[in-house]
Amino acid sequence: MIYEVIIAILIGIDQAIKYGVLNVLKEKRSIPVIDGVFHLTYVENRGAAFGMLQNNQIIFVIIAGLATVIGLYWLHKNKEKINIIGKASIIMIVSGAIGNLIDRLRLGFVVDYFDFRIIWQYVFNFADILVVCGTILLCFYIWKYSDLKE
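Residues numbered from 1 in each chain as written. Predicted model: local features only at pLDDT ≥ 70, side-chain atom pairs only at ≥ 80, totals over all residues. Heavy atoms only, no water.

A.B. asks: What should I look at first to understand helix α4 (residues 126-144) in this one?
C.D. replies: Think of an α-helix as turning once every 3.6 residues; residues three or four places apart then point the same way. The first and last C-alpha atoms of α4 sit 26 Å apart over 19 residues, in line with the 27 Å expected at 1.5 Å per residue. Listed in full, the buried residues belonging to α4 are Phe-126, Ala-127, Leu-130, Gly-134, Leu-138 and Tyr-141. In a view along the axis of α4, the buried residues occupy a sector of 100°, so they form one face of it. Opposite the buried face of α4, at more than 90 degrees from it, the exposed residues are Ile-136 and Trp-143. Two or three places before Ala-127, at the start of α4, stands the capping residue Asn-125, its side-chain oxygen 2.9 Å from that residue's backbone nitrogen. (Helix = DSSP H or I, 4+ residues; strand = E, 2+ residues; numbered from the N terminus. Expected span 1.5 Å × (residues − 1). Buried < 20%, exposed > 50% of the residue type's maximum accessible area, 1.4 Å probe, protein only. Arc of directions from axis to C-beta. Polar contact = N/O pair within 3.5 Å; in protein donor to acceptor, adjacent residues only side chain to side chain.)

Right, dumping it as structure tokens:
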């Protein structure tokens, strides 16, 4: 049950930020935090990461649903075998997947807002950060700790 509580907290953070973005940034479109480097920019993303596969919502709903079910099942089934790094990675991936899934089901798009213009042209959100960091952490876990590598 603790996993679900942590996931709910992370989803709550994601949705609270997106609520604020919808209420403040939607009209302003972009607010420079560090001009030319980092902006808060309102984007309606109807695709996957980096805007790929635009307007294929059903694919993303299915993938997020599968990731959630498989992640939670694996987490509970192997809770004694998985260390904190493995658990954190799954919790982050599931939280991010559900956070963006809620947007897709509720709004028909994902709300993105972090705009690091000095690095690249893509805008992303807190849920994306959870998925990417969780995936990197999961790869590290498999490489370093898992018996799956043998």
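A.B. asks: Please explain the sheet that holds strand β1 (residues 30-34) as it appears in this structure.
C.D. replies: Strands pair in a sheet through their backbones, by hydrogen bonds, and they do so in one of two ways: parallel or antiparallel. Strand order in the open sheet formed by 4 strands is β1-β2-β3-β4, with antiparallel pairing between adjacent strands. The two strands at the open ends of the sheet, each matched to only one other strand, are β1 and β4 (123-124). As paired strands, strand β3 (residues 110-116) and β4 are joined by 2 bridges and run antiparallel to one another. Within β4, the position partnered with Phe-114 by the bridge is Phe-124. (Pairing = 2+ DSSP bridges.)

So yeah, pure geometry; function would need other evidence.
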